[in-house]
Amino acid sequence: MSKFVYADNAATTKMSERAFEAMKPYFIEHYGNPSSLYRIGVESQRAVDNARAVIAQCLNAQRPSDIFFVSGGSEADNWAIKGAAELGEKKGKKHIISSEFEHHAVLHTLDYLRKHGFEVTLLDVHEDGLVRPEELKAAIRPDTALVTIMFANNEIGTIQPIRELAAIAHQHGVLFHTDAVQAAGTIPVDVQELDVDMLSLSSHKFHGPKGMGALYVRKGIRLPNLIHGGAQERGLRAGTENIAGIIGMAEALKESVEKMPERNPRLEKMRDRLIDELLKIDRSRINGDRIHRLPGNVNMCFQGIEGESLLLSLDLKGIEASSGSACTSGSLDPSHVLLAIGLPHEIAHGSLRMTFSDENTEEDIDYILSELPPIIERLRAMSPLWEKIIKNAN
């Protein structure tokens with residue numbers, strides 16, 4: 001294998017050296033329990049407080065106490081949605097609005113709530129992968145308790161008009177949550193400007209440690225307890241804090257935000273060059289809107305081939321990519337995201353997602369462009385489906 005290209009940063013990112021170095025002392029030196037009164041416990045608590053303030057600053061939250069530490073994006077989504085549902089139920093509101101192509105951490109939570117008497121409306125995301133504000137406005141009812149719409153899609157990278165969607169929810173007195181797992185640390189996220197009530201993020205998506213995340217909760221919203229048993233996280237999520245993870249997440253987010261002005265234009269240039277070149281391949285298509293899109297996201301379909309064969313062939317060439325969400329990689333079904341934007345099963349099966357970070361280079365794009373087209377040509381030459389497509393076209 002002559003070259004290695006990691007192009008699956010939407011699944012997880014390489015740990016930042018800066019974040020790793022910041023974490024190390026809290027494994028072997030400053031290991032005290034933050035709830036303890038002695039010196040090393042107080043030191044740990046001070047470090048946790050500082051990290052909370054750093055994350056609040058990165059998100060432009062009003063107060064550090066608006067940030068709650070959790071184990072990752074899935075837990076943050078679960079807490080926000082179930083918590084808002086419980087608050088709504090107390091007021092007789094048992095209707096929730098979301099979109100067709102949310103992450104399964106949201107969709108499966110909504111399935112759970114359906115079994116407990118809640119009604120769920122899933123908005124269309126159309127061919128461009130974008131929610132229409134007017135359709136949200138039409139879907140809101142007097143009994144709507146929550147609107148939860150993801151900030152940026154984890155598969156096709158489309159960025160939703162969150163500020164406008166949140167404003168519509170608030171005009172009707174409805175809470176608004178956004179899953180910002182793919183957005184935080186990647187594009188600017190300002191919770192005050194967006195005016196969201198809750199926002200989820202996950203550390204390992206922006207070069208922090210796995211198993212660490214946060215939930216922003218606007219002042220005045222008192223979510224029900226997530227975990228009972230201790231006074232941690234203002235008594236709402238019991239359990240001794242993952243100090244090193246908290247420190248690593250804060251440092252990684254700070255670094256990602258600092259690098260954003262230089263990094264994103266470079267990634268956009270690489271992304272657009274790759275898309276333009278791959279669209280020259282016969283019967284290829286880009287999935288999702290090209291403008292309202294994460295800077296490092298390329299999601300395409302190539303008719304006549306299976307995504308799994310494509311991924312394995314790329315792996316043999318040292319190119320690591322995916323066909324969709326890492327959370328559903330064991331499924332043989334086509335991506336629910338691609339089906340939601342209207343792709344038929346046979347085309348959705350031939351999807352390829354490549355996602356890039358500041359670790360990637362123009363040389364990586366060159367290598368992908370040298371290896372991917374021949375792989376597609378070879379797989380199509382062996383495909384009865386491709387033969388049928390060409391025959392029907394003629």
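This one's a predicted model, so the numbers in the text were calculated from it and none came from an experiment.

A. Geometry of the nonpolar core. Counting 64 residues, the largest nonpolar core has Ile67, Phe151, Phe176, Val196 and Leu199 as its most contacted members. When residues in this core are grouped by element, the largest group, eight residues, is from helix H3 (residues 39-59). Filtering out sequence-adjacent residues up to four positions away, valine 196 remains in contact with Ile162, Ala166, Phe176, Thr178, Val191, Tyr216 and Arg218. If you look at the next biggest cluster of nonpolar residues, it comprises 28 residues, including Val5, Ile281, Leu310 and Ile319.

B. Quick peek at the pattern of salt bridges. Taken as a whole, this structure holds 29 salt bridges when the rule is applied. Taking the shortest distance from any N to any O, the salt bridge between glutamate 233 and arginine 52 comes out at 2.9 Å. In this pair, glutamate 233 is assigned in the loop between strand E8 (213-217) and helix H9 (243-278) and arginine 52 in helix H3, connecting sequence segments 181 residues apart. Arginine 52 matches glutamate 233 in its accessibility class, with the two residues each being buried. Note that lysine 317 is salt-bridged to glutamate 371, the shortest N-O span being 3.8 Å. Residue lysine 317 is found in the loop between helix H10 (307-316) and strand E11 (319-320), and its partner glutamate 371 is found in helix H13 (residues 362-381); the two are separated by 54 residues along the sequence. A single salt-bridge network, built from bridges that share partners, covers Arg271, Asp272, Asp276 and Arg290.

C. Just the packing of H3 against H9, in detail. Between H3 and H9, whose axes approach to 9 Å, the crossing angle comes to 30°. Relative to H9, the element H3 lies roughly parallel. When you trace H3 past H9, the crossing you get is left-handed. Judged by residue contacts, Ser44, Ala47, Val48, Ala51, Val54, Ile55 and Cys58 of H3 engage Ile243, Ile246, Ile247, Met249, Ala250, Leu253, Lys254 and Val257 from H9. Class assignment for the residues of the contact of H3 with H9 results in 13 nonpolar, one polar and one charged.

D. Geometry of H9. The end-to-end C-alpha separation of H9 is 44 Å, well short of the 52 Å expected for 36 residues at 1.5 Å each. At methionine 260, H9 shows its largest kink, close to 65°, and the proline proline 261 lies no more than four residues downstream.

E. Geometry of the sheet that holds strand E4 (residues 119-123). Strand order in this open sheet of seven strands is E2-E8-E7-E6-E5-E3-E4, and the pairing throughout is mixed. In this open sheet, the two edge strands, each paired with only one partner strand, are strand E2 (67-70) and E4. The mean angle between the axes of side-by-side strands here comes to 20°, regardless of whether they run parallel or antiparallel. Relative to strand E5 (residues 144-148), strand E3 (residues 95-99) runs parallel, the two being bridged by three bridges. Of the residues in E5, the one forming a bridge with isoleucine 96 is leucine 146. Along the sheet face, helix H4 (residues 73-90) touches E2, E3, E5, strand E6 (175-179), strand E7 (198-202) and E8 and points at about 160° away from the line of E7.

F. Representation of the packing of aromatic side chains. A complete count under the given rule lists one aromatic pair for this structure. Just above the ring of tyrosine 112 sits the side chain of lysine 82; from NZ or CZ to the centre is 4.6 Å.

G. Focus on the pairing of E5. Of all the five residues making up E5, five are buried; the element is thus mostly covered by neighbouring parts of the structure. Relative to E6, E5 runs parallel, the two being bridged by three bridges. What sits directly across from valine 147, in E6, is phenylalanine 176. Handedness of the E5-helix H7 (residues 162-171)-E6 crossover: right-handed.

Each value, and the rule that gives it
Residues numbered from 1 in each chain as written. Predicted model: local features only at pLDDT ≥ 70, side-chain atom pairs only at ≥ 80, totals over all residues. Heavy atoms only, no water. Core = buried A, V, L, I, M, F, W, Y, C linked by side-chain atoms within 4.5 Å. Buried < 20%, exposed > 50% of the residue type's maximum accessible area, 1.4 Å probe, protein only. Helix = DSSP H or I, 4+ residues; strand = E, 2+ residues; numbered from the N terminus. Contact = heavy atoms within 4.5 Å. Salt bridge = Lys/Arg side-chain N within 4 Å of Asp/Glu carboxyl O. Axes fitted to C-alpha atoms, helices over the stretch in contact; angles between N-to-C directions. Parallel < 35°, antiparallel > 145°, perpendicular 65-115°, else oblique. Left-handed = near helix turned anticlockwise from the far one by under 90°. Nonpolar A, V, L, I, M, F, W, Y, C, P; charged D, E, K, R; others polar. Expected span 1.5 Å × (residues − 1). Bend = angle between axes of the 7 residues up to and from the residue. Pairing = 2+ DSSP bridges. Phe/Tyr/Trp six-rings, centres within 6.5 Å; stacked < 30°, edge-to-face > 60°. Lys NZ or Arg CZ within 6 Å of the ring centre and 35° of its normal. Right-handed = clockwise from strand over helix to strand, strands pointing away.

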